[in-house]
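Okay, here's what each chain looks like letter by letter:
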Amino acid sequence: MNGSEHEWLNQACHELSLAFANPTLDKDAALKMLSLMKASMLLHYAEEENIMKTTGYQNMGSHKRSHDYFIFEVSTLIEMVSSDAPALSASIWPDLKKKLDNHLKTHDELLTGYIEGQFQRSAG
Ligand SMILES: [Fe+2]
Ligand SMILES: [Fe+2]
(Lines give C-alpha, C1' and ligand atoms only; values in the text may rest on other atoms or scores of the structure.)
(Ligands and ions follow the chains in the order given, each with its own letter.)
Protein backbone atom coordinates (compact mmCIF):
# COMPACT_ATOMS: atom_id res chain seq x y z
CA MET A 1 0.00 0.00 0.00
CA ASN A 2 1.43 3.36 -0.76
CA GLY A 3 0.44 6.95 -0.15
CA SER A 4 1.07 8.12 -3.69
CA GLU A 5 -1.67 5.77 -4.91
CA HIS A 6 -4.05 7.44 -2.47
CA GLU A 7 -2.90 10.82 -3.75
CA TRP A 8 -3.51 9.76 -7.32
CA LEU A 9 -6.99 8.46 -6.46
CA ASN A 10 -7.73 11.72 -4.67
CA GLN A 11 -6.62 13.69 -7.70
CA ALA A 12 -8.77 11.54 -9.99
CA CYS A 13 -11.75 12.14 -7.66
CA HIS A 14 -11.15 15.87 -7.78
CA GLU A 15 -11.03 15.89 -11.59
CA LEU A 16 -14.20 13.81 -11.79
CA SER A 17 -15.93 16.29 -9.47
CA LEU A 18 -15.01 19.10 -11.86
CA ALA A 19 -16.20 17.04 -14.85
CA PHE A 20 -19.53 16.13 -13.23
CA ALA A 21 -20.08 19.73 -12.10
CA ASN A 22 -20.04 20.81 -15.73
CA PRO A 23 -23.58 20.64 -17.18
CA THR A 24 -22.17 19.70 -20.58
CA LEU A 25 -20.23 16.69 -19.36
CA ASP A 26 -17.46 15.59 -21.71
CA LYS A 27 -18.62 12.00 -21.98
CA ASP A 28 -15.42 10.58 -23.51
CA ALA A 29 -13.16 12.31 -21.00
CA ALA A 30 -15.35 11.21 -18.09
CA LEU A 31 -15.40 7.60 -19.34
CA LYS A 32 -11.64 7.59 -19.77
CA MET A 33 -11.11 8.92 -16.26
CA LEU A 34 -13.63 6.51 -14.73
CA SER A 35 -12.09 3.51 -16.48
CA LEU A 36 -8.62 4.51 -15.39
CA MET A 37 -9.87 5.00 -11.88
CA LYS A 38 -11.55 1.60 -11.81
CA ALA A 39 -8.37 -0.11 -13.05
CA SER A 40 -6.27 1.69 -10.43
CA MET A 41 -8.78 0.86 -7.70
CA LEU A 42 -8.71 -2.82 -8.61
CA LEU A 43 -4.91 -2.90 -8.35
CA HIS A 44 -4.77 -0.80 -5.21
CA TYR A 45 -7.55 -2.70 -3.43
CA ALA A 46 -6.00 -6.06 -4.34
CA GLU A 47 -2.73 -4.89 -2.79
CA GLU A 48 -4.42 -3.77 0.43
CA GLU A 49 -6.46 -6.96 0.64
CA ASN A 50 -3.33 -9.04 0.13
CA ILE A 51 -1.63 -7.24 3.02
CA MET A 52 -4.70 -7.72 5.22
CA LYS A 53 -4.86 -11.40 4.37
CA THR A 54 -1.18 -12.15 4.93
CA THR A 55 -1.07 -10.30 8.24
CA GLY A 56 -4.36 -11.70 9.54
CA TYR A 57 -5.91 -8.25 9.84
CA GLN A 58 -9.12 -8.49 11.86
CA ASN A 59 -11.13 -5.78 10.09
CA MET A 60 -10.57 -7.25 6.65
CA GLY A 61 -14.24 -8.17 6.18
CA SER A 62 -15.67 -4.68 6.46
CA HIS A 63 -12.69 -3.09 4.70
CA LYS A 64 -13.05 -5.42 1.72
CA ARG A 65 -16.83 -4.92 1.60
CA SER A 66 -16.18 -1.21 1.31
CA HIS A 67 -13.75 -1.83 -1.62
CA ASP A 68 -16.29 -4.09 -3.35
CA TYR A 69 -18.95 -1.42 -2.96
CA PHE A 70 -16.72 1.20 -4.65
CA ILE A 71 -15.90 -1.06 -7.58
CA PHE A 72 -19.60 -1.77 -8.03
CA GLU A 73 -20.49 1.94 -7.88
CA VAL A 74 -17.75 3.03 -10.28
CA SER A 75 -18.84 0.28 -12.69
CA THR A 76 -22.42 1.58 -12.40
CA LEU A 77 -21.21 5.11 -13.16
CA ILE A 78 -19.36 3.86 -16.24
CA GLU A 79 -22.55 2.19 -17.46
CA MET A 80 -24.59 5.32 -16.81
CA VAL A 81 -22.23 7.65 -18.61
CA SER A 82 -21.96 5.17 -21.52
CA SER A 83 -25.71 4.85 -21.81
CA ASP A 84 -26.31 8.58 -21.85
CA ALA A 85 -27.48 9.05 -18.31
CA PRO A 86 -24.84 11.66 -17.40
CA ALA A 87 -27.26 13.72 -15.31
CA LEU A 88 -27.97 10.71 -13.15
CA SER A 89 -24.28 9.87 -12.85
CA ALA A 90 -23.54 13.48 -11.85
CA SER A 91 -26.18 13.27 -9.12
CA ILE A 92 -24.66 10.08 -7.72
CA TRP A 93 -21.06 11.28 -7.74
CA PRO A 94 -20.98 13.69 -4.74
CA ASP A 95 -22.18 11.04 -2.29
CA LEU A 96 -19.79 8.45 -3.71
CA LYS A 97 -16.89 10.90 -3.46
CA LYS A 98 -17.78 11.57 0.17
CA LYS A 99 -17.72 7.84 0.86
CA LEU A 100 -14.37 7.47 -0.90
CA ASP A 101 -12.91 10.30 1.21
CA ASN A 102 -14.35 8.66 4.28
CA HIS A 103 -12.81 5.31 3.38
CA LEU A 104 -9.36 6.93 3.30
CA LYS A 105 -9.91 8.56 6.68
CA THR A 106 -11.28 5.47 8.39
CA HIS A 107 -10.47 2.06 6.87
CA ASP A 108 -7.20 3.05 5.21
CA GLU A 109 -5.93 5.08 8.19
CA LEU A 110 -6.65 2.15 10.49
CA LEU A 111 -4.87 -0.24 8.15
CA THR A 112 -1.86 2.06 7.85
CA GLY A 113 -1.60 2.31 11.64
CA TYR A 114 -1.90 -1.46 11.94
CA ILE A 115 0.85 -2.09 9.37
CA GLU A 116 3.15 0.41 11.07
CA GLY A 117 2.54 -1.44 14.34
CA GLN A 118 3.39 -4.76 12.70
CA PHE A 119 6.66 -3.33 11.39
CA GLN A 120 7.57 -1.92 14.79
CA ARG A 121 6.86 -5.26 16.44
CA SER A 122 8.98 -7.16 13.96
CA ALA A 123 11.79 -4.55 14.19
CA GLY A 124 11.75 -4.36 17.97
FE1 LIG B 1 -6.46 2.59 0.01
FE1 LIG C 1 -8.87 0.50 1.47
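All values derive from a computational prediction rather than experimental measurement. (Residues numbered from 1 in each chain as written. Chains lettered and ligands numbered in written order. Predicted model: local features only at pLDDT ≥ 70, side-chain atom pairs only at ≥ 80, totals over all residues.)

With that out of the way, let us pick up the overall build of the chain. A count of helical and extended segments in the chain gives 4 helices and 0 strands. In sequence order, the chain lays out its α and β elements as α-α-α-α. Dimensions along the principal axes, computed over C-alpha positions, put the chain at roughly 55 × 20 × 20 Å. Out of the 124 residues belonging to the chain, those deemed buried represent 14%. Within the chain, counting contacts between residues at least 6 apart in sequence, those at least 24 apart form 72% of the total. (Helix = DSSP H or I, 4+ residues; strand = E, 2+ residues; numbered from the N terminus. Buried ≥ 20, exposed ≤ 12 C-beta atoms within 10 Å, placed from the backbone. Contact = placed C-beta atoms within 7 Å.)

Before going further, it helps to spend a moment on the nonpolar core. The biggest cluster of nonpolar side chains holds 11 residues, and these are L16, A19, F20, A30, L34, M37, V74, L77, V81, A90 and W93. Beyond its immediate stretch of four places on either side in the chain, V74 contacts L34, M37, K38 and M41. (Core = buried A, V, L, I, M, F, W, Y, C linked by C-beta atoms within 7 Å.)

Two numbers describe how helix α2 (residues 27-55) lies on helix α4 (residues 86-123): the axes approach to 13 Å, and their chain directions differ by 25 degrees. As judged from the angle between their axes, α2 and α4 are roughly parallel. In the packing of α2 onto α4, the handedness of the crossing is left-handed. Contacts between α2 and α4 involve K27, E48, I51, M52 and T55 on the former and, on the latter, P86, L111, I115 and Q118. Its residues assigned to classes, the contact of α2 with α4 comprises 5 nonpolar, 2 polar and 2 charged. (Axes fitted to C-alpha atoms, helices over the stretch in contact; angles between N-to-C directions. Parallel < 35°, antiparallel > 145°, perpendicular 65-115°, else oblique. Left-handed = near helix turned anticlockwise from the far one by under 90°. Nonpolar A, V, L, I, M, F, W, Y, C, P; charged D, E, K, R; others polar.)

The next point concerns the environment of S75. When you line up the elements, S75 lands in helix α3 (residues 60-82). Spatially, the C-alpha atom of S75 lies 17 Å from that of A46, the residues being 29 residues apart in sequence.

A few words on the environment of T106. When you line up the elements, T106 lands in helix α4. In this structure the C-alpha to C-alpha distance between T106 and L96, which are 10 residues apart in sequence, comes to 15 Å.

Let's shift gears to the environment of I51. Along the chain, I51 falls in helix α2. For the pair I51 and L111, spaced 60 residues apart in sequence, the C-alpha to C-alpha distance is 9.3 Å.

Before going further, it helps to examine unusual backbone geometry. Non-glycine residue D84 carries a positive phi angle of around 60 degrees. Tracing the sequence through the fold places D84 in the loop between α3 and α4.

Another aspect to go through is the packing of α3 against α4. Taken N-terminus to C-terminus, the directions of α3 and α4 make an angle of 160 degrees; their axes are 10 Å apart at the nearest point. Comparing their axes, α4 and α3 come out roughly antiparallel. Here α3 runs over α4; the crossing is left-handed. Residue-level inspection shows H63, S66, F70, E73, L77, M80 and V81 of α3 in contact with α4, the latter providing P86, L88, S89, I92, L96, L100, H103, H107 and L111.

Time to look at α4. Helix geometry: α4 is bent most strongly at H103, by close to 35 degrees. Here the buried face of α4 lies against α1 (3-21), α2 and α3. (Bend = angle between axes of the 7 residues up to and from the residue.)

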